[in-house]
Amino acid sequence: MIRATLAAISTLVALALPAAAANDFIAAPTLRASVTVTSDVVRIGDLIDNAGSAALIPVYRSPDLGTTGTLTVGQVLSVLRAKQVIGVMTGDIKEVQVTRLARTLASKDIENAVAAALERRFGLGDAANITITFDRSVAEMRLDASNSGALQPVATRYDARSGRFDIAFEIANDGNAAPTKLRFTGTAIETVEVAVLTRDIDRAELLKSSDLSLERRPKAEVTGEPASRDRSIGMQLRRAMRAGTPIRAADLVRPDFVVRDQAVTIIYQVPGLYLTTRGKAIESGAEGDTVSVLNLHSKRTLTGIVTGRGQVTVQGASQSAPMAPAVEQTSSVKRDPVPAAAALAQSLVQAPASAAEIAQAQIPQVRFSQAPAKSE
C-alpha cells in the first residue's frame, strides 16, 4: 500500500515539472511604458517585468527629483542586450517615460517649521504671530522620496535683541539610517495685527472704514493693546495722528456728543414730567458721560448725562440746581403730586433769590397722614 502511494506521488511530481517549465517559458520579460523610481538610478527591474536575476542591475541615471525623462524603445533594448537581457516583449510601445518621485517642501512649509521651533521660546509668542525672513531666498525644495519624516529641529539658537535665528533640522530617511540634515538662518520678529491710519486724522474726526487698514506690525512698535479695525470704526482719537500710524486701544475714545461751549438742549425728566430748555455745555462728553451745563434761562449750572448729540438729561434735582424749600403739610386727604412737580420745574428755570436759599434748597416734600378709621 505504501509503495503504491509513493509511486503515485512520484508520478504527479513528474507531471508537474514540465508544467512549471512551460510557465517559466511563457513569462517573458515585458517592457513598461511608464516607470517611477525613488532612487538616483534606474535598474532593469524598473524597466521590465519578469527581469529575473537581472532586476537589480543599474542601467540609467534617474531624472532630477520630481521630473520626468523619456527614452525610446530602441535605446532601452540596446542597453538591455548589453546586459544579456534579450527577448523583451515591447508590444506597441514607442517610448518609455521615467519619473523620479520626490518629496517637495514649499517655502511656506519651511517658514512654518522655523516659527514652530521658536514658538513660546526666547520671549516670543504664538507661531502664527512670528514673521520669518531668511538670509537666503528659500524656494521650493525637493528631497528624495525616501525622506518621509517630519522636519525635526535638533539645534535652535535665537538672539532676542537682534532677532537672529540659526536652526538645524533633521528628516528621517526610510532608505538610509542617517537622517537628512537642513539648516536655516535669518530673522524672526513677533508681530501683531493692528489697525493703521490711511490718512492724517484730526482729534474731532470720526474714524471711517476707509480711514483704516489692517496690517501686521512688529510688536515693539505697538506698546499696549493693539486696536482692531472693527473696534476703531466710529471712534475718535485722543490726539491728531498721521497716516501710517498704528492705533492702540488707548488711543481711542468714544465720540463727543457734546462739545464745550456748544449750544445744547437740557432735558429735565421725572415721572410724569418732561421739560426742555436751552443751555450751553461747560465741558465736552461722550454718550453716557456726566457733564456740567449752563441753563441759559436761569443762569444755573446743572449736572446731567449726555444722552444724544447736543442733549443733556437731568434726572431729578442737581446739587447745583437748588429747589424751593420743603413745604410741610398735614392732611387726611391725599394731595395731588402735580404741584410738587410744578415746583421742581419752576426751580429749574427760575434764578435763586440768594445764596442762603441755594444752600438750604431741597426737593419739595409733602407729608401725609391718614385719619383714624371709624369703628362701626
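Look up a bit, the structure's there.
1. A closer look at the overall build of the chain
Regarding its fold elements, the chain presents 7 helices and 23 strands. The buried share among the 376 residues of the chain stands at 32%. The long-range fraction of contacts in the chain, counting pairs at least 24 apart against all pairs at least 6 apart in sequence, stands at 54%. Carbon and sulfur atoms provide 53% of the accessible area of the chain, an area that totals close to 23000 Å².

2. Re the side chain of Thr191
Along the chain, the position of Thr191 falls in strand S13 (residues 180-197). According to the relative accessible area criterion, Thr191 is buried, its value standing at 6%. A polar contact is formed between the side chain of Thr191 and the side chain of Thr131, at a distance of 3.5 Å. Here Arg216 takes part through its side chain, which lies 3.2 Å from a polar atom of the side chain of Thr191. Excluding residues within four positions of it along the chain, Thr191 makes contact with Asn129, Thr131, Arg216, Arg217, Pro218 and Lys219.

3. Observations regarding the pattern of salt bridges
Enumeration over the complete set of coordinates arrives at 18 salt bridges. Across the pair Lys108 and Glu111 runs a salt bridge whose closest N-O atoms are separated by 3.5 Å. Here Lys108 pairs with Glu111, and both are found in helix H4 (residues 107-118), just 3 residues apart, close to one helical turn. A relative accessible area of 48% means that Lys108 is categorised as partly exposed. For Glu111, a relative accessible area of 21% puts it in the partly exposed group. For the salt bridge of Arg231 with Glu225, the shortest nitrogen-to-oxygen distance reads 3.4 Å. Exposure remark for Arg231: the relative accessible area of 44% places this residue in the partly exposed category. Each of Arg199, Glu205, Lys208 and Asp211 takes part in salt bridges that share partners, so that together they form one network.

4. Structural notes on the environment of Gly308
Structurally, Gly308 is set in strand S22 (residues 300-308). Residue classification places Gly308 among the buried residues on the basis of a relative accessible area of 10%. Put simply, Gly308 and Phe257 are 51 residues apart on the chain and 6.1 Å apart in space, counted from C-alpha to C-alpha. Here Gly308 is in contact with Phe257 and Val258, once residues within four sequence places are set aside.

5. Thoughts on the sheet that holds S22
Here 5 strands make up a closed barrel; going around it, the order is S18-S19-S21-S22-S23 and the pairing mixed. Pairs of neighbouring strands in the sheet enclose a mean axial angle of 50 degrees, with direction left out of account. Across 3 bridges, the pairing between strand S19 (residues 273-281) and strand S21 (residues 290-295) is antiparallel. Residue pairing across strands places Gly279 opposite Asn295, the latter belonging to S21.

6. A look at the pairing of strand S11 (residues 152-158)
Along any regular strand, the residues point their side chains to alternate faces of the sheet. Sheet topology note: the S11/strand S12 (residues 164-171) ladder contains 6 bridges and is antiparallel. Looking at the pairing, Pro153 lines up with Phe169 of S12. The turn joining S11 and S12, which pair antiparallel and follow one another in sequence, is formed by 5 residues; a positive phi near 80 degrees is taken by Gly163.

7. Re helix H3 (residues 73-82)
In an α-helix there are 3.6 residues to a turn, and that puts residues three or four apart on one side. Among the residues of H3, Val73, Val76 and Leu80 are the ones counted as buried. Projection of H3 onto a plane perpendicular to its axis shows the buried side chains occupying an angular sector of 65 degrees, all on one side. Structurally, H3 contributes buried residues whose contacts are with strand S1 (30-31), helix H2 (44-47), strand S4 (48-49), strand S5 (58-61), strand S6 (68-72) and strand S7 (95-100). After H3 finishes, the residue Gln84 shows a positive phi value of roughly 65 degrees.

8. Some thoughts on the packing of aromatic side chains
Centre-to-centre distance and the angle between the planes together describe a pair of aromatic rings. The full count for this structure, using the stated rule, is 4 aromatic pairs. Aromatic pair Phe122 and Tyr158: ring centres 5.6 Å apart, planes at 45 degrees, arrangement tilted. In this pair, Phe122 sits in the loop between H4 and strand S9 (130-134) while Tyr158 sits in strand S11, placing the two residues 36 residues apart along the sequence. Overall, the relative accessible area of 33% leaves Phe122 in the partly exposed class. Through pairs of rings, three or more aromatic residues link up here, namely Phe134, Phe165, Phe169 and Phe184.

9. Points about unusual backbone geometry
The residue Asn50 is not glycine, and still its phi comes out positive at about 60 degrees. Relative to the helices and strands, Asn50 is located in the loop between S4 and S5. For Phe122, which is not glycine, the phi torsion reads 60 degrees and is therefore positive.

What counts as what
Residues numbered from 1 in each chain as written. Predicted model: local features only at pLDDT ≥ 70, side-chain atom pairs only at ≥ 80, totals over all residues. Heavy atoms only, no water. Helix = DSSP H or I, 4+ residues; strand = E, 2+ residues; numbered from the N terminus. Buried < 20%, exposed > 50% of the residue type's maximum accessible area, 1.4 Å probe, protein only. Contact = heavy atoms within 4.5 Å. Areas by Shrake-Rupley, 256 points an atom, 1.4 Å probe, with all protein chains shown as cover. Polar contact = N/O pair within 3.5 Å; in protein donor to acceptor, adjacent residues only side chain to side chain. Salt bridge = Lys/Arg side-chain N within 4 Å of Asp/Glu carboxyl O. Pairing = 2+ DSSP bridges. Axes fitted to C-alpha atoms, helices over the stretch in contact; angles between N-to-C directions. Arc of directions from axis to C-beta. Phe/Tyr/Trp six-rings, centres within 6.5 Å; stacked < 30°, edge-to-face > 60°.

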